[in-house]
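Inside the fold
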Amino acid sequence: MKFFEVIPHDLFSPLASPNRVLYANALDVLYAAYRENLKIPEDVLYSMLRSKLEQQLAEATFEGEDIDEEELRDISGRARFLIRKLCSKGWFEKQRGDDFEEYITVPSYSSRLLELFHQLRDDRPIRGYSYVFGTYSTLKVAHESGSIYDKMAAIYGAYDNTLALIKLLQMVYHNVKHYFQMQLDMQEVNEVLSSHFNDFGQKVVEAYIRPLKIKDSVPKYRVPIQSVLKNWVEDDTLLLAMANAALQDKRGKTLEICRSDLVQKIFWIEDRYNNLEHDYLDEIDAQVRRYTRAATQKVENLTNRDQNVRGNLNVLLTALSRNRRASELVDQIQPVFQLYEQSFLSEKSLWYRKRPGKRTKAAPVYIKDTTPDAEASAQAAQLLRSEYGRAAITAYVQGWLGESDVCYSKDLAIQDDKGYIMSLLAVLTSGDPATGHEIKTLGGSITENGYSIPQMQIRRKEKKK
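The paragraphs below set out a description of the structure included in this document. The structure displayed is predicted, hence computed values, not measured ones.

When helices and strands are tallied, the chain shows 18 helices and six strands. Every one of the 465 residues in the chain was classed for burial, and the buried ones make up 34%. Counted over contacts in the chain with a minimum sequence separation of 6, partners at least 24 positions apart contribute 66%. Carbon and sulfur atoms make up 52% of the accessible area of the chain, which amounts to about 30,900 Å² in all.

Right, let's get into the packing of aromatic side chains. Tallied over the full model, the rule gives nine aromatic pairs. The side chain of lysine 265 reaches across the aromatic face of tyrosine 159, ending 4.5 Å from its centre.

Residue position: serine 130 is located in the loop between helix H7 (108–121) and helix H8 (131–144). Here the alpha-carbon distance between serine 130 and tyrosine 208, two residues 78 residues apart in the chain, equals 10.0 Å.

Time to look at helix H12 (residues 236–248). With 13 residues, H12 ought to run about 18 Å at 1.5 Å a step, and its terminal C-alpha atoms sit 18 Å apart, in line with that. What H12 keeps buried is the set Leu238, Leu239, Met242, Ala243, Ala245 and Ala246. An end-on view of H12 places all buried positions within 160 degrees of arc, on one side of the element. Summarising the geometry of H12, the exposed residues directed more than 90 degrees from the buried face are Thr237 and Gln248. By the N-cap criterion, in which a side-chain oxygen at the helix start approaches the backbone nitrogen of a residue two or three places on, H12 is capped by aspartate 235, the distance to threonine 237 being 3.2 Å.

This next bit is on the nonpolar core. Nonpolar side chains in soluble globular proteins tend to be buried together. Counting residues in each nonpolar core, the largest one holds 50 residues, and the members touching the most others are Leu139, Leu165, Val172, Trp232, Met242 and Tyr273. Elements represented by at least two residues in this core include exactly H8, helix H9 (148–184), helix H10 (189–213), helix H11 (218–233), H12, helix H13 (255–303) and strand S4 (406–408). Considering each element in turn, this core owes the most residues, 13 residues, to H13. Discounting residues that sit within four places of it in the chain, methionine 242 has contacts with Ile148, Lys151, Met152, Ile155, Trp232 and Leu262. Core analysis: the second largest hydrophobic core is formed by 33 residues, Leu49, Leu53, Ile104 and Leu114 among them.

The next thing to look at is the sheet that holds strand S2 (residues 93–96). With respect to topology, three strands assemble into an open sheet ordered S1-S3-S2, the strand pairing being antiparallel. What marks the edges here is a single partner per strand, and that holds for strand S1 (40–41) and S2.

Outside of glycine, negative phi angles account for most residues, and trans bonds account for most peptide bonds. Positive phi is not limited to glycine here, since alanine 413 has a value of about 50 degrees. Secondary-structure assignment places alanine 413 in the loop between S4 and helix H18 (417–429). For asparagine 449, which is not glycine, the phi torsion reads 55 degrees and is therefore positive. Judged by its relative accessible area of 47%, asparagine 449 falls in the partly exposed class.

Moving on to the pairing of strand S3 (residues 102–105). Pairing geometry for S1 and S3, over two bridges, is antiparallel. The residue bridging isoleucine 40 from the neighbouring strand is isoleucine 104, located in S3. Across four bridges, S2 lies against S3 in antiparallel orientation. If you follow lysine 94 over to S3, its bridge partner there is isoleucine 104. Hairpin connection between S2 and S3: a loop of five residues separates the two successive antiparallel strands, and phenylalanine 100 in this loop has a positive phi of roughly 65 degrees.

At their nearest, the axes of helix H17 (residues 390–401) and H18 sit 10 Å apart, and the two run at 100 degrees to each other. In terms of orientation, H17 lies roughly perpendicular with respect to H18. Each of Arg390, Ala392, Ile393, Tyr396, Val397 and Trp400 in H17 lies in contact with H18, whose residues at this interface are Lys418, Gly419, Met422, Ser423, Leu425, Ala426 and Thr429.

For the rest of this paragraph, the subject is a nonpolar patch on the surface. Among the surface-exposed residues, Phe3, Phe4 and Phe12 lie close enough to one another that they form a single nonpolar patch of about 320 Å² accessible area. Within the secondary structure, phenylalanine 4 sits in helix H1 (residues 3–6). With relative accessibility at 52%, the residue phenylalanine 4 sits in the exposed group.

In this structure, glutamine 287 sits in helix H13. If we skip the residues at most four places from it in the chain, glutamine 287 touches Tyr173, Val176 and Lys177.

Our next topic: H17. With 12 residues, H17 extends 16 Å between its outermost C-alpha atoms, agreeing within 8% with the 16 Å of an ideal straight helix rising 1.5 Å per residue. Directly after H17, the chain includes glycine 402, whose backbone phi takes a positive value near 65 degrees.

The next point concerns the pattern of salt bridges. Scanning all chains against the criterion turns up 18 salt bridges. Glutamate 65 is the partner of lysine 85 in a salt bridge, and the nearest nitrogen-oxygen pair spans 3.1 Å. With a gap of 20 residues between them, lysine 85 in helix H6 (residues 75–88) and glutamate 65 in the loop between helix H4 (54–59) and helix H5 (69–73) connect regions that are remote in the sequence. Judged by its relative accessible area of 13%, lysine 85 falls in the buried class.

Rules used in this analysis
Residues numbered from 1 in each chain as written. Predicted model: local features only at pLDDT ≥ 70, side-chain atom pairs only at ≥ 80, totals over all residues. Heavy atoms only, no water. Helix = DSSP H or I, 4+ residues; strand = E, 2+ residues; numbered from the N terminus. Buried < 20%, exposed > 50% of the residue type's maximum accessible area, 1.4 Å probe, protein only. Contact = heavy atoms within 4.5 Å. Areas by Shrake-Rupley, 256 points an atom, 1.4 Å probe, with all protein chains shown as cover. Phe/Tyr/Trp six-rings, centres within 6.5 Å; stacked < 30°, edge-to-face > 60°. Lys NZ or Arg CZ within 6 Å of the ring centre and 35° of its normal. Expected span 1.5 Å × (residues − 1). Arc of directions from axis to C-beta. Polar contact = N/O pair within 3.5 Å; in protein donor to acceptor, adjacent residues only side chain to side chain. Core = buried A, V, L, I, M, F, W, Y, C linked by side-chain atoms within 4.5 Å. Pairing = 2+ DSSP bridges. Axes fitted to C-alpha atoms, helices over the stretch in contact; angles between N-to-C directions. Parallel < 35°, antiparallel > 145°, perpendicular 65-115°, else oblique. Patch = residues over 30% accessible without salt bridge, like charges linked within 9 Å, V, L, I, M, F, W, Y side chains within 5 Å. Salt bridge = Lys/Arg side-chain N within 4 Å of Asp/Glu carboxyl O.

Next up, the structure:
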């Protein structure tokens, strides 16, 4: 669905007008009315607009607006104009109730945008939710419970919590980068210190990073979470029962779809917790250290810029960078200073993207058709039948199964190319009625020793009596 099929095309036009501050404040008043009342009479919204925006309504000029002379005459008329304007642009709708009064109705897209706008205006730090501990406690309670429904719901809850945790970590990472960029433009010591200790320290470190290190620690709860999930995924009877519960809860159309969905979510959660520290937490820590070093050096430079050569040079280069007409002066002083670009080595420093050269038309290369050697073809066919024949495939599958009737991709322990080829041939021949095994794909893939194979279940076929 396209964006403007969901929202009216003029929805944001009030926020682009000269009176955008007034309209933004009016939307915040609308959000307050929406949050405090189930039914919002138009008179209630009108009274709230008058009481909270009286000074702004009196000072607004409304030049270029489609406001009537009677509405422009006093504050009451201007408040009525705000209601009419926001309603016409789609921020809310009017409906007449059983008591013949007008009521305000806020559509779903508008309520989400109003919530977002209110959060952006709120200066209070938003605390990170305990997604890791919530996942652990949900799985632990469900594991100790005898309810199949609790276990099924716990998997979906753990999946949602893990998704929310990853979104939170992504937001923290980009927030640190944002503060680093802001710090580059600051030129006053007090401004740098205030941004570091008040804004960054409270809104990022105390709100998100510190809880992730102490209270909602991934290393602390990762193993218990994976232990419960591994215990469940290895129990076929339990998986089937949870799939039945999911089917009754309308989470899938068929029993097989529900079971596959549960298995995929379990493997996805396990994989994410295996990589959270390396892919997210370590990257965030590196950015925090980089920002802290830069802030410390910035304060030192700004404090001592009038007392040493480094500070004077900093002032000189900054002034020259801001003056577009100083190119001649830069050319004169460039031979005096030997300036080098500062850089550092990282794990990605030795890699660079290969840039393709410009394609040129070359002379065509003619390929001669060669007749295949009959003797070589016969030898190749004999090799395939001996090394990769059905008997060899059956022997490999029996070796994987051993004494058990079921095994999974993680149990294959593929070490070489032959084992990898046998796993592919086992999948291709599983549909043959003559084979002694059957394979069911579970979705996703697993990598071991450099070989990537799909997640699957290998089951020994029951012998017909």
